[in-house]
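Here is how the chains run, residue by residue.
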Amino acid sequence: MHFVNAKSILTPHSMNIYRGCSHGCIYCDSRSKCYQFTHEFEDLEVKQNAAELLEEALRKKRKRCMIGTGSMCDPYIPAEKELCLMRRCLEIIDKYNFGATLITKSDLVLRDLDILRRINQKTKAVVQMTLTLHLQRCVENQ
C-alpha cells in the first residue's frame with residue numbers, strides 16, 4: 001500500500017478513494033490497461049486527501065446528485081477499518097445533502113450505517129453487495 005495526494009477525486013458523479021484491489025476477482029475489469037495504473041494492481045494506492053478534495057468539489061457543485069463509489073475499487077478494503085476515509089467522505093456527502101451509492105464485498109459497510117441512514121432520510125443511499133461464488137460441478141456416478 002502506498003499513499004498519494006491526488007489532484008481530484010470526483011468524476012461527474014463518482015469517486016475512487018483507493019486504486020487497486022486485493023480481492024483477485026476473475027471478472028474484474030479494473031485491471032485493464034485503459035485505466036493507466038502506474039503501479040501493481042495489488043499495491044493499493046490510497047488517496048490520502050480524498051475527503052478534502054471531495055468537500056471542495058461538493059461545495060462548488062450546483063446540482064445535487066448521487067455520488068457513487070465501488071465500481072472500480074472496493075471502498076471498504078481492509079485498511080479502511082483504520083483509515084476511515086470512506087466514512088469521512090460519507091460524512092461530507094451527508095453534510096452537503098448529496099445521495100450516495102456504493103458497491104462493496106465487505107461487511108465493514110455496517111460500521112457506516114448511521115451515516116448511510118442519515119443520507120437516505122434526506123436524499124437516497126444505496127448499498128450494493130457483490131458476492132463471488134466458487135461453485136464446484138457435481139457429477140452423479142452412474
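This section reports on the structure supplied with the text. (Residues numbered from 1 in each chain as written. Predicted model: local features only at pLDDT ≥ 70, side-chain atom pairs only at ≥ 80, totals over all residues. Heavy atoms only, no water.)

Some points on the sheet that holds strand β4 (residues 66-69)
Using the following cut-off: By the convention used here, strands pair only if DSSP detects at least 2 bridges between them. Strands here are runs of E lasting at least two residues and helices are runs of H or I lasting at least four, both read from the DSSP assignment and numbered beginning at the N terminus. Between N-to-C directions, angles cover 0 to 180 degrees, with each direction set by a line fitted to C-alpha atoms, over the stretch in contact for helices. Any two residues having at least one pair of non-hydrogen atoms within 4.5 Å are treated as being in contact.
Taken together, three strands build an open sheet; the order of strands is β4-β5-β6 and the sheet is parallel. The open sheet has two edge strands, β4 and β6 (125-129), and neither has a second partner. Averaged over all pairs of adjacent strands, the angle between strand axes in this sheet comes to 10 degrees, irrespective of strand direction. The pairing of strand β5 (residues 99-104) with β6 spans five bridges and is classified as parallel. Residue pairing across strands places Thr101 opposite Val126, the latter belonging to β6. Strand contacts of helix α4 (residues 113-122): β5 and β6, with the helix running at about 130 degrees to β6, the strand carrying the most contacts.

What about unusual backbone geometry?
This is how the line gets drawn: Each residue is placed in one exposure class: buried if its accessible area under a 1.4 Å probe, protein chains only, is under 20% of its type's maximum, exposed if it is over 50%, and partly exposed if it falls in between.
At Cys84, a position not held by glycine, the phi torsion is positive, near 60 degrees. With respect to the helices and strands, Cys84 occurs in the loop between α2 (80-83) and α3 (85-95). Here Cys84 falls in the partly exposed class, since its relative accessible area comes to 24%. In this structure, Asn97 takes a positive phi of about 60 degrees despite not being glycine. The topology assignment puts Asn97 in the loop between α3 and β5.

As for the nonpolar core
We count it as follows: Think of a nonpolar core as a cluster: buried Ala, Val, Leu, Ile, Met, Phe, Trp, Tyr and Cys residues, connected wherever their side-chain atoms sit within 4.5 Å.
Counting residues in each nonpolar core, the largest one holds 33 residues, and the members touching the most others are Met15, Ile17, Leu54, Leu58, Leu90 and Ile93. For this core, the secondary structure elements donating two or more residues are α1 (50-60), α3, β5 and α4. If one sorts the elements of this core by residue count, α3 sits on top with six residues. Excluding its chain neighbours within four sequence positions, the residues that come into contact with Ile93 are Met15, Leu54, Leu58, Ile67, Phe98, Gly99, Ala100 and Ile119.

Looking at α3
Most of α3 is tucked away: eight of the 11 residues are buried. Every buried residue belonging to α3 is among Leu85, Met86, Arg87, Cys89, Leu90, Ile92, Ile93 and Asp94, and all of these are buried. Just beyond α3, the residue with positive phi is Asn97, at close to 60 degrees.

Topic: the pattern of salt bridges
Keep this limit in mind: Only one rule defines a salt bridge in this text: a Lys or Arg side-chain nitrogen within 4 Å of an Asp or Glu carboxyl oxygen.
Under the defined criterion, the tally for this structure stands at 10 salt bridges. Among the salt bridges present, the one from Arg87 reaches Asp112, with a minimum N-O distance of 2.9 Å. Of this pair, Arg87 sits in helix α3 while Asp112 sits in the loop between β5 and α4, and the two are 25 residues apart along the sequence. Relative accessible area serves as the criterion here: at 0%, Asp112 is assigned to the buried category. One salt bridge in this structure joins Asp94 and Arg118, with 2.9 Å as the shortest N-O distance.

Section: the sheet that holds strand β2 (residues 18-19)
Across the sheet, which stays open at both edges, the three strands sit in the order β1-β3-β2 with mixed pairing between neighbours. Since the sheet does not close on itself, it has two edges, and those belong to β1 (2-4) and β2, each with one partner. Bridge count for β2 against strand β3 (residues 45-47) is two bridges, and the pairing is antiparallel. Looking at the pairing, Tyr18 lines up with Val46 of β3.

Remember that the coordinates give geometry; whether it matters functionally is a separate question.
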